[in-house]
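Take a look at the letters that make up each chain.
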Amino acid sequence: MTESPRRGVTRGYVGGLVCAAVIVATALTVAVWGGIALFADRQPVSTESVPVWVAPLLVFIALMALGWGLWITALVLLRGRRSPSWGIIVVLAVGVYLWWNLAGMLGGMSVAETWLSPFAAVLPVIWLIAALLFWAVLARRVYTDRPAPRWPWERHPEDE
């Protein structure tokens with residue numbers, strides 16, 4: 001990163017980037033959970049007494065918390081900190097694991113579906129990846145003078 005002054009970004013840019021990071025986390029969660037379900041031949045929640053809406057609600061609330069945490073990360077970065085906000089990122093990762101487990105237990109899930117579940121174990125990793133990708137894209141935009149990437153057909157001959 002250069003020592004030049006920071007480039008400004010709008011709230012809309014940061015909001016769009018937060019939404020994109022939450023969508024990435026959602027897509028990774030669906031893909032990884034689908035892979036685990038396929039290879040392990042089990043579902044994230046298989047207890048009969050648990051309502052079908054509990055798991056999606058828990059994931060939705062966790063995604064909203066991720067969005068809020070990414071907004072706070074953006075504020076820290078825009079105030080001049082160039083390194084990742086490890087405290088916020090770790091709290092998000094540990095928080096999603098604790099949220100799934102504690103709220104899942106209150107929702108009627110078993111210990112095997114919460115604390116000992118591979119589905120719960122991948123959530124912190126996914127949140128960590130989404131938060132670091134968010135930070136990397138925003139830091140590149142704010143602290144470097146590199147233009148936005150372009151597809152080969154968008155490049156002008158004089159740019160090469």
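Refer to the preceding data block for the structure.
Worth saying up front: this structure is predicted, and the values here are computed from it rather than measured. Here the residue numbers are simple positions, counted from 1 along each chain's written sequence. Reporting in this predicted model follows two pLDDT cut-offs: at least 70 for local features of residues, and 80 or more for side-chain atom pairs to be given and counted; totals over whole chains, interfaces and linings ignore these cut-offs and use all residues. Hydrogens are left out, water is left out, and the side-chain values use all remaining heavy atoms of the structure.

Topic: the nonpolar core
Core analysis: the largest hydrophobic core is formed by 39 residues, its most contacted members being L66, W100, W127, F134 and L138. For the purposes of this entry, the term helix denotes a DSSP run of H or I that reaches at least four residues, the term strand denotes a run of E that reaches at least two, and both are numbered from the N terminus. For this core, the elements supplying multiple residues, two or more each, are α1 (11-40), α2 (54-78), α3 (86-106) and α4 (118-143). Sorting elements by how many residues they give to this core places α4 first, with 13 residues. Throughout, a residue-residue contact means that at least one pair of heavy atoms, one from each residue, lies within 4.5 Å. Residues within four places of L66 in sequence aside, it is in contact with V22, A25, L92, W127 and A130. Put simply, a nonpolar core is a bunch of buried Ala, Val, Leu, Ile, Met, Phe, Trp, Tyr and Cys residues held in one set by side-chain atoms that sit within 4.5 Å of each other. Here the term buried applies to any residue with accessible area under 20% of the maximum for its type, exposed to any over 50%, and partly exposed to those in between, with areas from a 1.4 Å probe on protein chains only.

Quick notes on the packing of aromatic side chains
The pairing test for Phe, Tyr and Trp rings, Trp by its six-membered ring, is centres within 6.5 Å, and the orientation test on the planes gives stacked under 30 degrees, edge-to-face over 60, and tilted for anything in between. Per the stated rule, a full pass over the model turns up 4 aromatic pairs. On the basis of an interplanar angle of 80° and a centroid distance of 5.9 Å, the ring pair of Y97 and W115 is categorised as edge-to-face. With Y97 in helix α3 and W115 in the loop between α3 and α4, this pair connects stretches of sequence that are 18 residues apart. A relative accessible area of 23% means that Y97 is categorised as partly exposed. Under the relative-accessibility criterion, W115 is labelled partly exposed at 33%. With centroids separated by 5.3 Å and ring planes inclined at 0°, the aromatic side chains of W151 and W153 adopt a geometry described as stacked. For W151, a relative accessible area of 53% puts it in the exposed group. Positioned over the ring face of Y13 is R141, at 5.5 Å from the centre of the ring. Whether a charge lies above a ring is judged from NZ of Lys or CZ of Arg, which has to be within 6 Å of the ring centre and within 35 degrees of the ring normal.

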